[in-house]
Amino acid sequence: MDYDAATGWYNPRVVPYQPISLDPAAKVFHYGQTIFEGLKAYLTDDGKIRLFRPEQNMARLNRSNARLSIPAVDEELAIEALKQLILTDSDWIPSDAETSLYVRPFVIATEAQLGVNASTQYMFMIIMSPVGSYYAEGIHPVKIHVESHYVRAVRGGVGNAKTAGNYAASLKAQEEAYAHGASQVLWLDGVHRKYIEEVGSMNVFFNIDGTVVTPALNGSILDGITRDSIIRLLKHMNVPVEERQLSIDEVVTAHQEGRLVEAFGTGTAAVISPIGELTWEGTRYVINGGNTGELSQKLYDTLTGIQRGTVEDSFGWSVVVEPS
Ligand code: PMP
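Keep in mind that this is a model prediction, so the values were computed, not measured. (Residues numbered from 1 in each chain as written. Predicted model: local features only at pLDDT ≥ 70, side-chain atom pairs only at ≥ 80, totals over all residues.)

**Focus: the site of the ligand**
Consideration 1: Around the ligand, a shell composed of 13 residues is seen, among which L222, G224, T226, G267 and T268 lie nearest.
Consideration 2: Of all the secondary structure elements, the ones that give two or more residues to the shell around the ligand are α6 (225-236) and β14 (260-267).
Consideration 3: The element contributing the most residues to the shell around the ligand is α6, with 3 residues. (Near = placed C-beta within 6 Å. Helix = DSSP H or I, 4+ residues; strand = E, 2+ residues; numbered from the N terminus.)

Okay, structure coming up:
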């Protein structure tokens, strides 16, 4: 659908996937005024199509919109659009247990005007694509590079919005992580350069002596929907969980003292990604012998079970997509 300042949002429509035409002066190209979301739909064993907490994605979409001076979209309408789009072409959804449909809602500023002020015109779109299993051969641990030079976001910036610039700012460090044999970057805070923020496209958790610690939301970390789900699951399982400031030194000390039991990232793509190794300033820290931890595996099984309708969903997170 489209927006202009005089009309508000208008003309919601489902059209075949195709290129779109934009003016070269469209503000999105020059000032990065754009936000996006990412969620998954699953075709489950009972033949139903399920979305995982879509209302959380749409609420976050509007928080990102607000930070980028983009007008809010009607969240219920956006979820309805999402469902209709999925049902329009539900044959797309792979039926084997490992694959899913990735859904990408996004907003771009389309006004053709060079000048740093908020656009008066926007497009809200939803595209989707089948995605294979994140883990082709079962859940396995990743290597993470702790970034000590570049910074992804600072407090008061746009780090807690899902906006393109945050990802553009991370590409250089991501390349260096690859060069170090790691698959993702672990970001530290921009001021003290020691407090852990998050991993490339995941939030991060450390099991220290049986207490699971994750950095508190401080304005520069994305408030992941998987992060929130994991915190709730841990509480439900009576596992102590703390959201607080956590420095890289504390993690290294816990590792040296044998108290770092396991570490894992959380996000829509991988759900749970065990961390087998951290590298920081030239030193390698192997976690849990480089293996998937017990808790990581349990959380992965529980959350993917809820998403696919094979584990009881006592939280009401799984939303069945049905014709209305
Ligand atoms: N942090 C960043 C920077 C991300 O891009 C993502 C993926 N959306 C996450 C964390 C995890 O968020 P979620 O659990 O909502 O996918």
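So much for the structure itself; the text now carries on.
**Structural notes on the packing of α6 against helix α8 (residues 294-307)**
Consideration 1: Taken N-terminus to C-terminus, the directions of α6 and α8 make an angle of 110 degrees; their axes are 11 Å apart at the nearest point. In this view, α6 runs roughly perpendicular relative to α8, as classed from their interaxial angle. The interaxial crossing formed by α6 with α8 has right-handed handedness. Of the residues in α8, those touching α6 at S229, I230 and L233 are L299, T302 and L303.
Consideration 2: Partitioning the contact of α6 with α8 into residue classes produces 4 nonpolar, 2 polar and no charged. (Axes fitted to C-alpha atoms, helices over the stretch in contact; angles between N-to-C directions. Parallel < 35°, antiparallel > 145°, perpendicular 65-115°, else oblique. Left-handed = near helix turned anticlockwise from the far one by under 90°. Contact = placed C-beta atoms within 7 Å. Nonpolar A, V, L, I, M, F, W, Y, C, P; charged D, E, K, R; others polar.)

**A word on the UniProt feature "modified residue: N6-(pyridoxal phosphate)lysine" (unreviewed entry) in the protein**
Consideration 1: According to UniProt, the "modified residue: N6-(pyridoxal phosphate)lysine" (unreviewed entry) feature falls on K162.
Consideration 2: With respect to the helices and strands, K162 occurs in the loop between β8 (142-146) and α4 (164-168).
Consideration 3: A tally of 24 C-beta atoms within 10 Å means that K162 is categorised as buried.
Consideration 4: Not counting the four nearest positions on each side in its chain, K162 is found in contact with I35, F36, E37, R60, S64 and L222. (UniProt positions renumbered as here; feature names shortened; annotations may be inferred. Buried ≥ 20, exposed ≤ 12 C-beta atoms within 10 Å, placed from the backbone.)

**Focus on the nonpolar core**
Consideration 1: Membership of the largest hydrophobic core comes to 36 residues, with the highest contact counts inside it found for L186, I196, F205, F206, L260 and A263.
Consideration 2: Take this core: its biggest share by element is 5 residues, from α8.
Consideration 3: With residues up to four places along the chain from it excluded, the contact list for A263 reads F205, F206, N207, I275 and I287.
Consideration 4: One finds A41, L51, L68 and A153 within the second-largest nonpolar core, a separate group that totals 32 residues. (Core = buried A, V, L, I, M, F, W, Y, C linked by C-beta atoms within 7 Å.)

**Focus: the domain arrangement of the protein**
Consideration 1: When its domains are assigned, the protein resolves into domain 1 (2-131) and domain 2 (142-307).
Consideration 2: When each unit is reduced to the centre of its C-alpha atoms, the spacing between domain 1 and domain 2 is 27 Å.
Consideration 3: Put simply, the parts of the chain that give the side of domain 1 that touches domain 2 at least two residues each are β3 (34-36), β4 (39-43), β5 (49-52) and α2 (54-67).
Consideration 4: Counting residues per element, the side of domain 1 that touches domain 2 draws most heavily on α2, which supplies 6 residues.
Consideration 5: Considering only residue class, the side of domain 1 that touches domain 2 consists of 6 nonpolar, 6 polar and 7 charged. (Domains from an automatic or database assignment.)

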